[in-house]
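# Structural features, examined
These are the residues of each chain, in order.
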Amino acid sequence: MLQLIFSNLKPEVLTLLGILFTFCLTCFALVKWSKYLPKDLGRDFAHDGKLSAGKPRGAGFVFIIIFVVSSILFGKYHNEFLIYAILVAAAMMTGFLDDCSRMPWGEYKKGLLDFIIAVMVAITFLNFNSNTVEVVSLGMNLTIHPVVFALLTVILVWTSINVTNCTDGVDGLSATLTIVTLGTIYGINHIKGINTEFNYIILLFIICLLGYLWFNATPSKLMMGDAGSRAMGLFISIAILKTNSPFLYIPVALILILDGGLGLVKVALLRFFKIKILTNIRTPLHDQVRKVMGWSNTQAVFRFAIIQAIIGVGVLYWVSMSYPF
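Below: a short report on this structure. Being a predicted model, the structure only gives us computed values, none of them experimental. (Residues numbered from 1 in each chain as written. Predicted model: local features only at pLDDT ≥ 70, side-chain atom pairs only at ≥ 80, totals over all residues. Heavy atoms only, no water.)

## Regarding the overall build of the protein
- Secondary structure summary: the protein contains 13 helices and 2 strands in total.
- Radius of gyration (C-alpha) of the protein: 19 Å, near the 20 Å computed for a compact globule of 325 residues.
- Relative to its full complement of 325 residues, the protein shows a buried share of 52%.
- Restricting to contacts in the protein with at least 6 residues of sequence separation, those with at least 24 account for 75%.
- Accessible surface, the protein: about 15,600 Å² in total, of which carbon and sulfur atoms supply 70%.
- Computing the positive centroid from 24 side-chain charges and the negative centroid from 16, the protein places the two 5 Å apart. (Helix = DSSP H or I, 4+ residues; strand = E, 2+ residues; numbered from the N terminus. Rg over C-alpha atoms; globule rule 2.2 N^0.38 Å. Buried < 20%, exposed > 50% of the residue type's maximum accessible area, 1.4 Å probe, protein only. Contact = heavy atoms within 4.5 Å. Areas by Shrake-Rupley, 256 points an atom, 1.4 Å probe, with all protein chains shown as cover. Lys, Arg positive; Asp, Glu negative; His and termini not counted. Charge placed at Lys NZ, Arg CZ, Asp CG, Glu CD.)

Right, here's the structure in full:
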């Protein structure tokens, strides 16, 4: 929007101003508004869960609102992104209302809301983009039937929202992993030379997370809550879809998938099929490494992030060697 108003200003200058504005506003707003956020009650089932009791929760409400505002102000207007921004805000609001609720929302209620948002993402993406995807590992393009593409997109979005949400249990972990994942996606787009405008939106999202991490690094002063984690998961899924290589979601978000996803699979198999797996492993995995292996919170965050960063570097090298087909 501001690009239209300040058309005489160099794009590089406006881009830098947007980054600085976003970071400073995120930090300022978190300081000023954190006292109005709901307070965490602690979690009996999580390792060291009681240590979070009394801290402001739902900071995602703040940094997601700032992300939406900054991206509209400093990004180039496009109907597709506007819809995505509304959906990211919607995912944030479903999480924030849960954060504010005296009684946590049920899994089925949240799962249904996630499904609705995922369907809207699928419809929006197919309306503005092709149903042909690039399979980097095979060096080929694959055209998928629109109905099948929509179904796979719904699965991708729903999965991304929920595994990212489940990873949010250690100060700074989910936000740091999201930054590494989005940074890898940014690199993929750069190598391919596509989505330059959306790449800037990815940068603004990362900047918002960095502003949040200023206060969430161990020992944290506030937490993002479902308001932040669900929106992060949704944005990751949208970002990977925009690379035209959605199958790369698996390696670029592998630690998020393993940390948050194994618990979902474990519970689902037990609840619906009475199948027990991983009985000697605590899930999410960040509880396993802290409770059983004796890692500190800082070690869990850094080591998980390092592993994902190494995988990300491998993905970027792989893409650079394989592209263009």
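And the narrative resumes.
## Some points on the pairing of strand 1 (residues 132-135)
- Taken together, the 4 bridges between strand 1 and strand 2 (residues 140-143) define a ladder with antiparallel strand orientation. When the bridges of strand 2 are listed, V133 appears paired with L142.
- The turn linking strand 1 back onto strand 2 is made up of 4 residues, and G139 within it adopts a positive phi angle of 65°. (Pairing = 2+ DSSP bridges.)

## A look at unusual backbone geometry
- Residue P219 follows T218 across a cis peptide bond; omega there is -5°.
- Take P219: it is sitting in the loop between helix 8 (196-216) and helix 9 (225-241).
- The phi angle at N244 is positive, at roughly 70°, despite the residue not being glycine.
- Residue position: N244 is located in the loop between helix 9 and helix 10 (249-252).

## A few points about the nonpolar core
- Formed by 82 residues in total, the largest nonpolar core has its most connected members in F67, V121, L182, L234 and F235.
- In terms of residues, this core owes the most to one element, helix 8, which gives 12 residues.
- When near neighbours in sequence (up to four residues on either side) are disregarded, L234 contacts L87, V88, A91, I117, V121, V157 and I161. (Core = buried A, V, L, I, M, F, W, Y, C linked by side-chain atoms within 4.5 Å.)

## So, the pattern of salt bridges
- In the structure shown here, the tally under the stated rule is 8 salt bridges.
- In this structure, the salt-bridge partner of K76 is E197, at a minimum N-O distance of 3.9 Å. Taken as a pair, K76 in the loop between helix 3 (60-74) and helix 4 (79-100) and E197 in helix 8 lie far apart in primary sequence, 121 residues in all.
- Residue K76 is classed as partly exposed on the basis of its relative accessible area of 48%.
- The exposure class of E197 is partly exposed, given its relative accessible area of 45%.
- Two residues, D287 and R290, come together in a salt bridge whose shortest N-O distance is 2.7 Å. Taken as a pair, D287 and R290 lie in helix 12 (residues 285-292) at a separation of 3 residues, close to a single helical turn. (Salt bridge = Lys/Arg side-chain N within 4 Å of Asp/Glu carboxyl O.)

## Some thoughts on the packing of aromatic side chains
- Counting across every chain of the model gives 10 aromatic pairs.
- Between F63 and Y212 the ring centres are 5.2 Å apart and the planes differ by 45°, which places this aromatic pair in the tilted class. Placement of the pair is F63 in helix 3 and Y212 in helix 8, with a sequence separation of 149 residues. Here F63 matches Y212 in class, with each residue buried.
- Grouped by ring-pair contacts, the aromatic residues F67, F198, F205 and F235 constitute a single cluster.
- Stacked on the ring of W105, the Lys or Arg K109 has its end atom at 4.0 Å from the ring centre.
- Sitting over the ring of W295, R303 keeps its end group 4.8 Å from the ring centre. (Phe/Tyr/Trp six-rings, centres within 6.5 Å; stacked < 30°, edge-to-face > 60°. Lys NZ or Arg CZ within 6 Å of the ring centre and 35° of its normal.)

## Points about the packing of helix 7 (residues 173-192) against helix 13 (residues 297-322)
- The contact between helix 7 and helix 13 brings their axes to 9 Å, and the two run at 10°. As summarised for this structure, helix 7 and helix 13 are arranged roughly parallel, according to the angle between their axes. Residues L173, T176, L177, V180, T181, T184, G187, I188 and I191 of helix 7 lie in contact with helix 13, whose contacting residues are A300, V301, F304, A305, Q308, A309, G312, V315, L316, V319 and S320.
- Of the residues that constitute the contact of helix 7 with helix 13, the class distribution is 13 nonpolar, 7 polar and no charged. (Axes fitted to C-alpha atoms, helices over the stretch in contact; angles between N-to-C directions. Parallel < 35°, antiparallel > 145°, perpendicular 65-115°, else oblique. Nonpolar A, V, L, I, M, F, W, Y, C, P; charged D, E, K, R; others polar.)

## Structural notes on a nonpolar patch on the surface
- Taken together, the side chains of L112, F115, I116, M120, I123, W158 and L264 define a hydrophobic patch exposed on the protein surface, amounting to about 620 Å² of accessible area.
- At 5 residues, the largest contribution of residues to the nonpolar patch is made by helix 5 (residues 107-128).
- Here I123 lies in helix 5.
- Note on I123: relative accessible area 51%, which makes it exposed. (Patch = residues over 30% accessible without salt bridge, like charges linked within 9 Å, V, L, I, M, F, W, Y side chains within 5 Å.)

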